[in-house]
Amino acid sequence: MALRDEELHKLIECILNTHQDEQMDCETCGRELDCLAERVAAGANLRDLFPEVEAHLACCPDCYEEFQALVAILRAEYNGELGEPG
């Protein structure tokens, strides 16, 4: 899959800015994901809650995927779409 110029520019910018001035790393981001996912699933805006996490998720596909999965599971749970365990 080829990257468009805009996507490539964003990727390069993220790489250059990652961890500059002690920005958020994956471990720190991971400690925040559960709580933030609950609030986002309930309708909060991640940018308003924790812009540093949002910036990290924009540059880190692994953390982004984990966060999106957590939000999807929580939304399904809130909407009664998950079956009872067992």
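Here we summarise the structure given alongside this text. Just so we're clear, the structure is a prediction, and the values are computed from it rather than from any experiment.

## Description of the packing of helix 2 (residues 26–41) against helix 5 (residues 61–78)
- Following both chains from N to C, one finds helix 2 and helix 5 inclined at 25 degrees, their axes separated by 9 Å at the closest point. Here helix 2 is positioned roughly parallel relative to helix 5, judged by the angle of their axes. Seen along the crossing, helix 2 lies across helix 5 with a hand that is right-handed. The segment helix 2 lies against helix 5, with Cys26, Cys29, Leu33, Asp34, Leu36, Ala37, Glu38, Val40 and Ala41 engaging Cys63, Glu66, Phe67, Leu70, Val71, Leu74, Arg75 and Tyr78.
- For the contact of helix 2 with helix 5, a count of residues per class yields 13 nonpolar, no polar and 4 charged.

## Considering helix 4 (residues 51–59)
- Restricting attention to buried positions, one finds in helix 4 the residues Val53, His56 and Leu57. The buried side chains of helix 4 occupy one side of the element, clustering within an arc of 100 degrees when seen end-on.

## As for a negative patch on the surface
- Residues Asp34, Glu38, Asp62, Glu65, Glu66 and Glu77 make up a contiguous surface patch of negative charge.
- When residues of the negative patch are traced back to their parent elements, those giving at least two are helix 2 and helix 5.
- For the negative patch, the element with the most residues is helix 5, which contributes 4 residues.
- Among the secondary structure elements, aspartate 62 is positioned in helix 5.
- Of the residues examined, aspartate 62 reaches a relative accessible area of 62% and is grouped as exposed.

Cut-off values and rules
Residues numbered from 1 in each chain as written. Predicted model: local features only at pLDDT ≥ 70, side-chain atom pairs only at ≥ 80, totals over all residues. Heavy atoms only, no water. Axes fitted to C-alpha atoms, helices over the stretch in contact; angles between N-to-C directions. Helix = DSSP H or I, 4+ residues; strand = E, 2+ residues; numbered from the N terminus. Parallel < 35°, antiparallel > 145°, perpendicular 65-115°, else oblique. Left-handed = near helix turned anticlockwise from the far one by under 90°. Contact = heavy atoms within 4.5 Å. Nonpolar A, V, L, I, M, F, W, Y, C, P; charged D, E, K, R; others polar. Buried < 20%, exposed > 50% of the residue type's maximum accessible area, 1.4 Å probe, protein only. Arc of directions from axis to C-beta. Patch = residues over 30% accessible without salt bridge, like charges linked within 9 Å, V, L, I, M, F, W, Y side chains within 5 Å. Areas by Shrake-Rupley, 256 points an atom, 1.4 Å probe, with all protein chains shown as cover. Salt bridge = Lys/Arg side-chain N within 4 Å of Asp/Glu carboxyl O. Lys, Arg positive; Asp, Glu negative; His and termini not counted. Charge placed at Lys NZ, Arg CZ, Asp CG, Glu CD.

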